[in-house]
Amino acid sequence: MTDDSSEYLESLKPVRIHFNTKKDQIDGFYTLMTSGKPVHGLDNGQYIVSHSQCELLDSRNIKYKIDNK
């Protein structure tokens, strides 16, 4: 497997996040839902997303915390 493939596979690994503010939650939810990639929302305000979706949130300056590493 090449480095590019490894990086791509790493970007697909699930990450559990939550948003810092209500505004970030609204903006983040919309961004995740329109990202074209699966999102799993949990009852406690957490979301399971991919690393690439975290990069998308970062690019839009939407603040979140990673709950598992």
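To be clear, the structure that these remarks concern was listed above.
Residues numbered from 1 in each chain as written. Predicted model: local features only at pLDDT ≥ 70, side-chain atom pairs only at ≥ 80, totals over all residues. Heavy atoms only, no water.

A. A look at the nonpolar core. Of all hydrophobic cores here, the largest spans ten residues; its members are Val15, Ile17, Phe19, Leu32, Tyr47, Val49, Cys54, Leu57, Ile62 and Tyr64. Looking at this core, the elements with two or more residues in it are β1 (14–19), β3 (46–50) and α3 (51–59). Element by element, the count of residues in this core is highest for β1, at three residues. Ignoring any residue separated from it by four or fewer positions in sequence, one finds cysteine 54 in contact with Val15, Ile17, Val49 and Tyr64. (Core = buried A, V, L, I, M, F, W, Y, C linked by side-chain atoms within 4.5 Å. Buried < 20%, exposed > 50% of the residue type's maximum accessible area, 1.4 Å probe, protein only. Helix = DSSP H or I, 4+ residues; strand = E, 2+ residues; numbered from the N terminus. Contact = heavy atoms within 4.5 Å.)

B. Inspection of the sheet that holds β1 at higher detail. Strand order in the open sheet formed by four strands is β2-β3-β1-β4, and the pairing between neighbours is antiparallel. Strand pairing shows two members of the sheet lacking a second neighbour, β2 (40–41) and β4 (64–66), which therefore form its edges. Across three bridges, β1 lies against β4 in antiparallel orientation. When the bridges of β4 are listed, phenylalanine 19 appears paired with tyrosine 64. Together, β1 and β3 form the strand contacts of helix α2 (residues 22–33), whose direction differs from that of β1 by roughly 145°. (Pairing = 2+ DSSP bridges. Axes fitted to C-alpha atoms, helices over the stretch in contact; angles between N-to-C directions.)

C. Fine view of a nonpolar patch on the surface. Together, Tyr8, Leu9 and Leu12 make up an exposed nonpolar region whose accessible area comes to about 300 Å². Mapped onto the elements, leucine 12 comes out in the loop between α1 (3–11) and β1. (Patch = residues over 30% accessible without salt bridge, like charges linked within 9 Å, V, L, I, M, F, W, Y side chains within 5 Å. Areas by Shrake-Rupley, 256 points an atom, 1.4 Å probe, with all protein chains shown as cover. Salt bridge = Lys/Arg side-chain N within 4 Å of Asp/Glu carboxyl O.)

D. Region of the structure containing the side chain of glutamine 53. Of note, glutamine 53 is situated in helix α3. Here the side chain of glutamine 53 touches serine 50 through a polar contact of 2.7 Å, landing on its backbone nitrogen. Excluding residues that lie within four positions of it along the chain, glutamine 53 makes contacts with Leu32, Ser35, Lys37, Pro38 and Val39. (Polar contact = N/O pair within 3.5 Å; in protein donor to acceptor, adjacent residues only side chain to side chain.)

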